[in-house]
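Here is what each chain is made of, one letter per residue.
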Amino acid sequence: MDSVFYQRFPRSKIHEVKPDFMKFELRDTDSSIANALRRIMIAEVPTIAINLVEIEVNSSVLNDEFISHRLGLIPLTSECAMSMRFSRDCDACDGDGQCSIVQLNFI
């Protein structure tokens with residue numbers, strides 16, 4: 001019966017608050033509530049990701065698709081992430097992902 005109590009009445013204590021950082025303690029709850037809170041906080045951080053990778057020469061044992069996929073899984077933070085537009089929302093192109101206005105190139 002104690003687990004029902006913990007699930008419904010978690011306690012939190014805030015230790016430190018900064019504009020981009022917060023330290024708090026979560027007590028009297030199970031791990032599913034803590035995990036849900038963690039996932040919500042991660043989802044609220046604006047990130048950008050690598051969408052298109054062109055590999056010219058690959059001398060590693062990993063194939064190009066694997067490397068491209070792994071690069072796309074890296075969340076990149078940026079000050080400009082909230083002001084960026086999706087290529088599908090761009091008025092200057094037809095939304096095919098080949099927009100020169102919304103595209104970044106790394107060399």
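Refer to the structure presented above.
Peer 1: How do you make sense of the overall build of the protein chain when you look at a structure like this?
Peer 2: The number of helices and strands found in the protein chain is three helices and four strands. Along its sequence from the N terminus, the protein chain presents helices and strands in the succession α-β-β-α-β-α-β. Evaluated residue by residue, the protein chain yields a buried proportion of 4% over its 107 residues. Restricting the contact set of the protein chain to residue pairs at least 6 apart, pairs at least 24 apart contribute 23%.

Peer 1: Is there a simple way to think about the pattern of salt bridges in this case?
Peer 2: A side chain of one charge can pair with a side chain of the opposite charge when the charged atoms of the two come close. One pass over the structure, following the stated rule, counts three salt bridges. Linking aspartate 28 and arginine 11 is a salt bridge whose minimum nitrogen-to-oxygen distance equals 2.6 Å. Here arginine 11 lies in strand β1 (residues 11–18) and aspartate 28 lies in the loop between β2 (21–27) and α2 (31–43), a separation of 17 residues in the sequence. You can call aspartate 28 partly exposed: its relative accessible area is 24%. The shortest N-O distance in the salt bridge between lysine 18 and glutamate 16 comes to 3.3 Å. Exposure remark for glutamate 16: the relative accessible area of 30% places this residue in the partly exposed category.

Peer 1: Is there a simple way to explain a nonpolar patch on the surface in this structure?
Peer 2: Taken together, the side chains of Ile14, Val17, Met22, Phe24, Leu37 and Met41 present a nonpolar region at the surface, about 530 Å² in accessible area. Every element with two or more residues in the nonpolar patch is listed here: β1, β2 and α2. Relative to the elements of secondary structure, leucine 37 occurs in helix α2. Here leucine 37 falls in the partly exposed class, since its relative accessible area comes to 31%.

Peer 1: So what exactly am I meant to see when it comes to the environment of asparagine 63 here?
Peer 2: Looking at the element boundaries, asparagine 63 is found in the loop between β3 (47–48) and α3 (64–72). Only 3.0 Å separates the side chain of asparagine 63 from the backbone nitrogen of phenylalanine 66, close enough to count as a polar contact.

Peer 1: For this particular structure, what's the right way to read the pairing of β2?
Peer 2: Moving residue by residue along a regular strand, the side chains alternate between the two faces of the sheet. Pairing geometry for β1 and β2, over seven bridges, is antiparallel. Looking at the pairing, valine 17 lines up with methionine 22 of β2. What sits between the antiparallel neighbours β1 and β2 is a turn of two residues.

Peer 1: Where do I start with the environment of isoleucine 67 in this structure?
Peer 2: Of note, isoleucine 67 is situated in helix α3. Residue class for isoleucine 67 comes out partly exposed when judged on its relative accessible area of 22%. Separated by 14 residues in sequence, isoleucine 67 and valine 53 have C-alpha atoms that sit 8.8 Å apart. Ignoring anything within four residues of it in the chain, the contact list for isoleucine 67 reads Ile55, Asn58, Ser60 and Leu62.

So, how was this worked out
- Residues numbered from 1 in each chain as written.
- Predicted model: local features only at pLDDT ≥ 70, side-chain atom pairs only at ≥ 80, totals over all residues.
- Heavy atoms only, no water.
- Helix = DSSP H or I, 4+ residues; strand = E, 2+ residues; numbered from the N terminus.
- Buried < 20%, exposed > 50% of the residue type's maximum accessible area, 1.4 Å probe, protein only.
- Contact = heavy atoms within 4.5 Å.
- Salt bridge = Lys/Arg side-chain N within 4 Å of Asp/Glu carboxyl O.
- Patch = residues over 30% accessible without salt bridge, like charges linked within 9 Å, V, L, I, M, F, W, Y side chains within 5 Å.
- Areas by Shrake-Rupley, 256 points an atom, 1.4 Å probe, with all protein chains shown as cover.
- Polar contact = N/O pair within 3.5 Å; in protein donor to acceptor, adjacent residues only side chain to side chain.
- Pairing = 2+ DSSP bridges.

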